[in-house]
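# A structural walkthrough
The residues making up each chain are set out below.
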Amino acid sequence: MNTSVSQTSLLSLRRARRADAEALHDLSAPFVALGRLRHRDVGEFARRHADFLVVEDDSRIVACAGVQRFGGDWVLDNLCVHSSFQGRRTGSLLLDRTLQEAARSSARALYAASSPTNAWFLGHGFAEVEPAAGPRRWVSQLDPTRNSVVYRRWI
Ligand SMILES: CC(=O)SCCNC(=O)CCNC(=O)[C@H](O)C(C)(C)COP(=O)(O)OP(=O)(O)OC[C@H]1O[C@@H](n2cnc3c(N)ncnc32)[C@H](O)[C@@H]1OP(=O)(O)O
């Protein structure tokens, strides 16, 4: 898969490769520092590379989104767009592609945990739900100190 995102730019969407692990880590680092994303080391990105979609600008990774699958319940994680590419529908594109893949796999719902102020999810068809509504194994791993809100979008 290597899909052109826009006819007016060189952005393209593809599945991550193991060799992308360091770039995924570096892209995420500023958002980890801001408390928007949980820390993941390079090894985790390498192990889970197949779970990630990436957007490239002329071969530089500028956005990514991962998924975890718990049967029919999918969880979106580590969604981020480089600050100079935000507001150009790159995050929406990653979400749309994830939803398409979830629908093809007959998934039931897509969950995400984010900070209470992240209105982006509400604007993209998610509703806030009680954490207990999420996949139990995922919810039990959420860091209580992050005060995350759990969002759900039906597929
Ligand atoms: C599950 C998790 O990973 S939670 C963590 C989510 N990631 C982060 O918080 C990291 C920092 N933020 C980012 O990387 C990005 O801003 C993202 C991923 C939240 C959004 O990606 P972007 O490419 O900037 O958003 P995109 O351009 O697709 O947004 C499109 C729409 O959302 C709106 N929007 C963008 N950011 C926000 C926001 N913070 N709050 C509300 N609306 C927003 C835009 O105005 C636009 O609206 P429109 O379609 O009506 O014109």
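All of these numbers come straight from a predicted model, not from anything done at the bench. (Residues numbered from 1 in each chain as written. Predicted model: local features only at pLDDT ≥ 70, side-chain atom pairs only at ≥ 80, totals over all residues. Heavy atoms only, no water.)

## So, helix α3 (residues 90–104)
The α-helix advances 3.6 residues per turn, and as a result positions three or four apart in sequence lie on the same side. The end-to-end C-alpha distance of α3, which contains 15 residues, comes to 21 Å, matching closely the 21 Å that a straight helix rising 1.5 Å per residue would cover. Along α3, the residues classified as buried are Thr90, Gly91, Ser92, Leu94, Leu95, Arg97, Thr98, Leu99, Glu101 and Ala102. Just past α3, the residue Ser106 takes up positive phi, approximately 55°. (Helix = DSSP H or I, 4+ residues; strand = E, 2+ residues; numbered from the N terminus. Expected span 1.5 Å × (residues − 1). Buried < 20%, exposed > 50% of the residue type's maximum accessible area, 1.4 Å probe, protein only.)

## What to know about the nonpolar core
Core analysis: the largest hydrophobic core is formed by 23 residues, its most contacted members being Val55, Leu76, Leu94, Leu110 and Phe126. The set of elements that each furnish at least two residues to this core consists of β2 (11–15), β3 (52–57), β4 (60–70), β5 (73–81), α3, β6 (109–114) and β8 (149–154). If sequence neighbours within four positions are ignored, Leu110 has contacts with Trp74, Val75, Leu76, Leu95, Thr98, Leu99, Phe126, Tyr151, Arg152, Arg153 and Ile155. In terms of nonpolar packing, the next biggest core, distinct from the first, is built from 13 residues, Leu27, Phe45, Cys64 and Cys80 among them. (Core = buried A, V, L, I, M, F, W, Y, C linked by side-chain atoms within 4.5 Å. Contact = heavy atoms within 4.5 Å.)

## Quick look at the site of the ligand
In the vicinity of the ligand lie 24 residues, with Leu79, Val81, Arg89, Gly91 and Ser92 positioned nearest. The separation between an oxygen atom of the ligand and a polar side-chain atom of Gln86 is 3.4 Å. Out of a free accessible area of 990 Å², the ligand has 70% covered by protein chains. It is β5 that contributes the most residues to the shell around the ligand, six residues altogether. Along the lines of polarity and charge, the residues of the shell around the ligand split into 11 nonpolar, nine polar and four charged. (Near = heavy atom within 4 Å. Polar contact = N/O pair within 3.5 Å; in protein donor to acceptor, adjacent residues only side chain to side chain. Areas by Shrake-Rupley, 256 points an atom, 1.4 Å probe, with all protein chains shown as cover. Nonpolar A, V, L, I, M, F, W, Y, C, P; charged D, E, K, R; others polar.)

## What to know about the packing of aromatic side chains
In this structure the tally under the stated criterion is five aromatic pairs. Relative to Trp138, the ring of Tyr111 lies with its centre 6.3 Å away and its plane at 50°, an arrangement referred to as tilted. On the criterion of sequence distance, the pair formed by Tyr111 in strand β6 and Trp138 in helix α5 (residues 136–139) is long-range, its members being 27 residues apart. Accessibility assignment for this pair places Tyr111 and Trp138 in one class, buried. (Phe/Tyr/Trp six-rings, centres within 6.5 Å; stacked < 30°, edge-to-face > 60°.)

## Focus: the pattern of salt bridges
Where charged atoms of side chains with opposite charge meet at close range, the side chains can pair. For the structure on display, the rule yields 11 salt bridges. Two residues, Glu101 and Arg15, come together in a salt bridge whose shortest N-O distance is 2.8 Å. Placement of Glu101 in helix α3 and of Arg15 in strand β2 is noted, with a sequence separation of 86 residues between them. Relative accessible area serves as the criterion here: at 13%, Glu101 is assigned to the buried category. Judged by its relative accessible area of 26%, Arg15 falls in the partly exposed class. With a closest N to O distance of 3.2 Å, Asp77 and Arg48 form a salt bridge. Placement of Asp77 in strand β5 and of Arg48 in the loop between α2 (42–47) and β3 is noted, with a sequence separation of 29 residues between them. Residue Asp77 is classed as buried on the basis of its relative accessible area, which comes to 7%. (Salt bridge = Lys/Arg side-chain N within 4 Å of Asp/Glu carboxyl O.)

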